[in-house]
Amino acid sequence: MQGHKDNQQMSDSNSKLELAILTVLGDREDQQDSFGYELKQDEGLVVLCDGMGGHKSGEVASSTVCEAMSNYVNNSIKSGDGFSENILKGAIASAYDLLDARDNCDSNEKKMGTTMTFLMLHDEGYTIAHIGDSRVYHIRPNKGTADDIVFKTEDHSLVNDLLKVGEITPEEAENFPRKNVITRAMQPNLEHRHKADIHCSNDILAGDYFFMCSDGMLEQTSDANLCFILNENISDKEKIDLLKNVTENNRDNHSAHLIHVLKVNNEPTNVAEHHSKQQEKSIPSQGNNNLNKKRPYSKQPSKIPNYVITILFLCAILLFGVFYTMRHMNHKSTKSDETKEEVVNTAKPEKRTSPNKQKISHERKTIENDSVKQNTKTDVVKKDTIKQNIKTDTCNKK
């Protein structure tokens, strides 16, 4: 169940899985990684651990956890119990117990320990558990980019904690000096045993990949490069060879499992047809020219994302609102102008006379004034005549 294997593929005609296992040694002479796997009809159990605490101690710790967890799950299933989260938790507890029993170091020695990654594919979907900075990826090849990652475990490490709180940037994290410091590990005789993060899902399709690896596996590559390789229209063996090439200069010991889901509910995937529909892509070289080869593809119609449809709908509503507002304002302005015209038209018109009428009127006033003056003169003459007559009468009387 546990050990070191190189480029081995396991398949079962009744299983929905094809299991390809890759273990590549780094520059270290020792290899502290251990793994276990079990394939049955419609089920697959895979465990990968990366030991620490020195060559001997690290190898003991990693192999102990793989052995204990695999045996516990297999024995539980054989007894007729279907796989459940309780069985997983029991397997982790069993691994801790076996570590305690095999702990022979004194207080002056460095305590052994290991990371743990666990994958169980079953009738209900799959279950993933992990402790430490070894990873499990669920990848659905489509674009050949990091967008193909359906799920990825989150490292229990110092660098990841600093990254999450914003103390360092992703660029600084790449060359962080204490990148190998982890915040959770499986160790013997702990006062408080570290708990595993558990992820369960029924989202699994034919053609999916599960990739399990120790932290050294992706030392010289990235998530995007990993997805690109798995999206290539080549065999799984060729994909494993590409992964070996991009990790050949890694300093740390590293190992990985590659699990390919060939069928779900007896519906096999047509891998060749799937890859023929992928867009041709290129990848930055990691010392391997094969990764830069471009491959033909057949273009498939793209589906408009829902968020694009939503944005277009909102823009249409906004334009309608602007159009309606402008039209309403223009109508209101036109109505105001018509009201002003009505006010002007209903106002009392100013009396105006033509120049000829003004001239005739002026002449009439002049004649009337002359007549008045003439009458006044006549009255004065009459008064003078009366006065003269009075004087004459007075003289006669005398």
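Look up a bit, the structure's there.
### A closer look at the overall build of the protein chain
Phase 1 of the analysis: When helices and strands are tallied, the protein chain shows nine helices and 15 strands.
Phase 2 of the analysis: Every one of the 398 residues in the protein chain was classed for burial, and the buried ones make up 37%.
Phase 3 of the analysis: Of the contacts made within the protein chain by residues no fewer than 6 positions apart, 71% connect residues no fewer than 24 positions apart.
Phase 4 of the analysis: By element, 50% of the accessible surface of the protein chain is carried by carbon and sulfur atoms, the whole surface being about 24,500 Å².

### Remarks on the pattern of salt bridges
Phase 1 of the analysis: The tally for this structure, following the rule as stated, stands at 14 salt bridges.
Phase 2 of the analysis: The partner of Asp-103 in a salt bridge is Lys-111, and the shortest N-O contact between them spans 3.9 Å.
Phase 3 of the analysis: For Lys-111, a relative accessible area of 32% gives the class partly exposed.
Phase 4 of the analysis: In this structure, the salt-bridge partner of Lys-237 is Asp-241, at a minimum N-O distance of 3.6 Å. Placement of the pair is Lys-237 and Asp-241 together in helix α6 (residues 236–246), with a separation of four residues, close to one helical turn.
Phase 5 of the analysis: Here Lys-237 falls in the partly exposed class, since its relative accessible area comes to 44%.
Phase 6 of the analysis: Ionic contacts of the salt-bridge type, sharing partners, join the residues Arg-135, Lys-152, Asp-155 and Asp-223 into one network.

### Some remarks on a nonpolar patch on the surface
Phase 1 of the analysis: Residues Phe-313, Leu-314 and Ile-317 make up a contiguous nonpolar surface patch of about 330 Å² in total accessible area.
Phase 2 of the analysis: With respect to the secondary-structure elements, Ile-317 resides in helix α8 (residues 306–346).
Phase 3 of the analysis: With a relative accessible area of 45%, Ile-317 lands in the partly exposed category.

Conventions adopted
Residues numbered from 1 in each chain as written. Predicted model: local features only at pLDDT ≥ 70, side-chain atom pairs only at ≥ 80, totals over all residues. Heavy atoms only, no water. Helix = DSSP H or I, 4+ residues; strand = E, 2+ residues; numbered from the N terminus. Buried < 20%, exposed > 50% of the residue type's maximum accessible area, 1.4 Å probe, protein only. Contact = heavy atoms within 4.5 Å. Areas by Shrake-Rupley, 256 points an atom, 1.4 Å probe, with all protein chains shown as cover. Salt bridge = Lys/Arg side-chain N within 4 Å of Asp/Glu carboxyl O. Patch = residues over 30% accessible without salt bridge, like charges linked within 9 Å, V, L, I, M, F, W, Y side chains within 5 Å.

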